[in-house]
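# Examining the three-dimensional arrangement
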Amino acid sequence: MYTVGSSTSEDIDSIGGRELARLCYSCGICVGGCPAARFSDDFNPRRIVLEICLGIGRRLVGGGSPIWKCTTCYTCHERCPAGVKPLDVVMALRNISFREGACPESVSVIRKNVLDDGVAGTVTRRAAEIRQKMGLPPAESDGRGELEALTGHE
Amino acid sequence: MSDASPSAYRFFPGCLARTKLPHIELSVRRCLEDLGVSLRDDARFTCCPDPVVFKSSSRNDWLRIAARNLSLDGETPIVTLCPGCASSLSEAGLVLSEDRGAREDAAGRLDELGLQIGLPPVFHFLRVLSADGRMDEIESKVTRRLDGLKVACHYGCHLTRPSGAVGFDDPEKPECLDKLVAVLGAEAVPYEDKYLCCGRPSLDEATSAGMLEHKLAAMKAAGAEAIVLACPFCFEQFDVGQMLLQRKTGAEFNLPVFYLSQLLCIAMGSDVGGLGLDMHKIKTGGVPGIG
């Protein structure tokens, strides 16, 4: 059972591969290949996994957390010799942050777009005209309206 | 890569091309169709959902929505123009096949929509182009070789990763783009940090811009005249992002960005004027053999 701070979080456990995090022996290969670690001062996947294992990861939840610097490149996922999935741990922390209402605005905006329209972006009039001129089908998705029912009620 | 050899696919356009990059979508459709690959549209497809931002809100919701896209129409393979879509749908497919609890959860939700779980193969279009025999076919259709053009190939991250789900090319040192540009006559120049991420998916502006600037400098130093890639997010980063970076810092990279499919269309004889290259922020007019 992993915790993110003072309270035990089932979220961390409920996401696939989390039980493997305890296999981390802090070799640091994830940091060596990590572009976000290389191009920022405070993103460190080895430290994130360690803090989750030790139950001292509360600082990692929230909109100002370094977790949002991750580029989701999956290099750590590919290279980890112990089968830990550091990116899954980062995603779990992001999910918890979203649930607590503490995440970058873009996450809420894109999620709302997808659930409302079925498409992550907004179809501008200009884009619609160009698509028509190029002979491309309309950008709108007929799936809008079906997605809300799929979400929630974990 | 003989598994991506079927000649009929359902076309999964993805959100960024749909809403902002119609010229990219046009070129991908055209080059596939020119090679005899038939594409069927399905307006019911939604966002895959994206493996970066949407997945950050809820992995469970990501999986259920991906399961819906996968389950709309049986086993006919899906081809995408976006590595993010292909990676996301492939990873979701792997989770659905391996994790019984997740599969039952998704199946229950889909049942309410009258759908049964389906797990069709999902390919990025580079994989379709790389399938056995297609490279020869492309070579035979090239009427306007891009001889002498020096390009920097940028692969990005999701084209080959996670490799356990995607299963295409080498996960960290892929070669498919290099091979394809060589068929067109162009030269893929080696450059420092060729396999580094473009930075776009980081939600931290400084991290993202630092990676972009580093890559552009490395490409320029290696003598590249243009960037070739096959991801709409990388395209936006290198095209729009490069323009903004130049405006902000005064740097002058001026490296035009091409989707591989655009070069393919040009080399196979498409009218350059009909490809929407005027939509690119970094102007393509001066590129040898193209302008």
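These notes cover the structure that comes with them. Just so it is clear, the structure is predicted and the values come from calculations on it, not from any experiment. (Residues numbered from 1 in each chain as written. Chains lettered and ligands numbered in written order. Predicted model: local features only at pLDDT ≥ 70, side-chain atom pairs only at ≥ 80, totals over all residues. Heavy atoms only, no water.)

### Some details on the interface of chain A and chain B
- Between chain A and chain B, the contact holds 54 residues from the first and 54 residues from the second.
- Summing the contributions of chain A and of chain B, the shared interface buries around 4,700 Å²; its carbon and sulfur component is 59%.
- The largest share of the area that chain A buries against chain B comes from Phe39(A), Tyr74(A) and Leu150(A), three residues that together contribute 15% of it.
- Arg79(A) is the partner of Glu172(B) in a salt bridge, and the nearest nitrogen-oxygen pair spans 2.5 Å.
- Joining chain A to chain B, the criterion identifies 26 residue pairs in polar contact (both at pLDDT 80 or more).
- Elements that contribute at least two residues to the side of chain A that touches chain B include exactly helix H3 (35-38), helix H5 (75-79), helix H6 (86-99), helix H7 (105-117) and helix H8 (125-133) of chain A.
- Broken down by element, the residue count for the side of chain A that touches chain B peaks at 6 residues, all from H7(A). (Contact = heavy atoms within 4.5 Å. Buried area = accessible area lost by both parts, 1.4 Å probe. Salt bridge = Lys/Arg side-chain N within 4 Å of Asp/Glu carboxyl O. Polar contact = N/O pair within 3.5 Å; in protein donor to acceptor, adjacent residues only side chain to side chain. Helix = DSSP H or I, 4+ residues; strand = E, 2+ residues; numbered from the N terminus.)

### Focus on the side chain of His154(B)
- Within the secondary structure, His154(B) sits in the loop between strand S5 (150-153) and helix H9 (163-166).
- A polar contact of 3.4 Å, which involves the side chain of His154(B), links it to the backbone nitrogen of Gly156(B).

### As for the sheet that holds strand S3 (residues 78-80) of chain B
Residues and elements named next belong to chain B.
- Read across the open sheet, the 4 strands follow the order S2-S1-S3-S4; overall the sheet is parallel. Of all the strands in the sheet, the pair left with one neighbour each is strand S2 (38-41) and strand S4 (122-124). With direction set aside, neighbouring strand axes in the sheet form an average angle of 40 degrees.
- The sheet contacts of helix H2 (residues 22-34) involve strand S1 (8-12), S2 and S3, and relative to S2 the element is tilted by about 135 degrees. (Pairing = 2+ DSSP bridges. Axes fitted to C-alpha atoms, helices over the stretch in contact; angles between N-to-C directions.)

### Re the sheet that holds strand S8 (residues 257-259) of chain B
Residues and elements named next belong to chain B.
- Read across the open sheet, the 4 strands follow the order S6-S5-S7-S8; overall the sheet is parallel. Edge positions in the sheet fall to strand S6 (187-188) and S8, since each of these pairs with one other strand and no more.
- Strand direction decides the pairing type here: S5 and strand S7 (residues 226-229), joined by 3 bridges, are parallel. From the neighbouring strand, Ala152 faces S7, where its bridge partner is Ile227.

### Points about the pairing of S5(B)
- Pairing between S5(B) and S6(B): 2 bridges, direction parallel. If you follow Val151(B) over to S6(B), its bridge partner there is Ala188(B).

### Things to note about the packing of aromatic side chains
Residues and elements named next belong to chain B.
- For the structure on display, the rule yields 4 aromatic pairs over all chains.
- Ring plane angle 20 degrees and centroid distance 6.1 Å describe the contact between Phe125 and Tyr259, whose orientation is recorded as stacked. In this pair, Phe125 sits in helix H7 (residues 125-130) while Tyr259 sits in strand S8, placing the two residues 134 residues apart along the sequence. The pair Phe125 / Tyr259 is uniform in exposure class, with both members buried.
- The ring of Trp62 is capped by Lys55, whose NZ or CZ atom sits 4.2 Å from the centre of that ring. (Phe/Tyr/Trp six-rings, centres within 6.5 Å; stacked < 30°, edge-to-face > 60°. Buried < 20%, exposed > 50% of the residue type's maximum accessible area, 1.4 Å probe, protein only. Lys NZ or Arg CZ within 6 Å of the ring centre and 35° of its normal.)

### Section: the pattern of salt bridges
- On inspection of all chains with the given rule, the structure shows 25 salt bridges over all chains.
- Here Lys20(B) ties to Glu236(B) by a salt bridge, and the two come within 3.5 Å at their closest N and O atoms. Here the residue Lys20(B) occupies a position in the loop between helix H1 (15-19) and H2, and Glu236(B) occupies one in helix H12 (residues 232-249), the gap between them amounting to 216 residues.
- Assessed through its relative accessible area of 9%, Glu236(B) is described here as buried.
- Among the charged side chains, a network of salt bridges with common partners joins Arg111(A), Asp61(B), Arg64(B) and Asp105(B).

### A closer look at the nonpolar core
- Residues Phe125(B), Leu126(B), Leu129(B), Phe238(B) and Leu260(B) are the most contacted members of the largest nonpolar core, which totals 107 residues.
- Those residues in contact with Phe125(B), other than ones at most four positions away along the chain, are Val28(B), Leu32(B), Val79(B), Thr80(B), Leu81(B), Ala230(B), Tyr259(B), Leu260(B) and Ser261(B).
- Judged by nonpolar contacts, the second largest core, of 28 residues, contains Cys30(A), Ala37(A), Ile48(A) and Val90(A). (Core = buried A, V, L, I, M, F, W, Y, C linked by side-chain atoms within 4.5 Å.)

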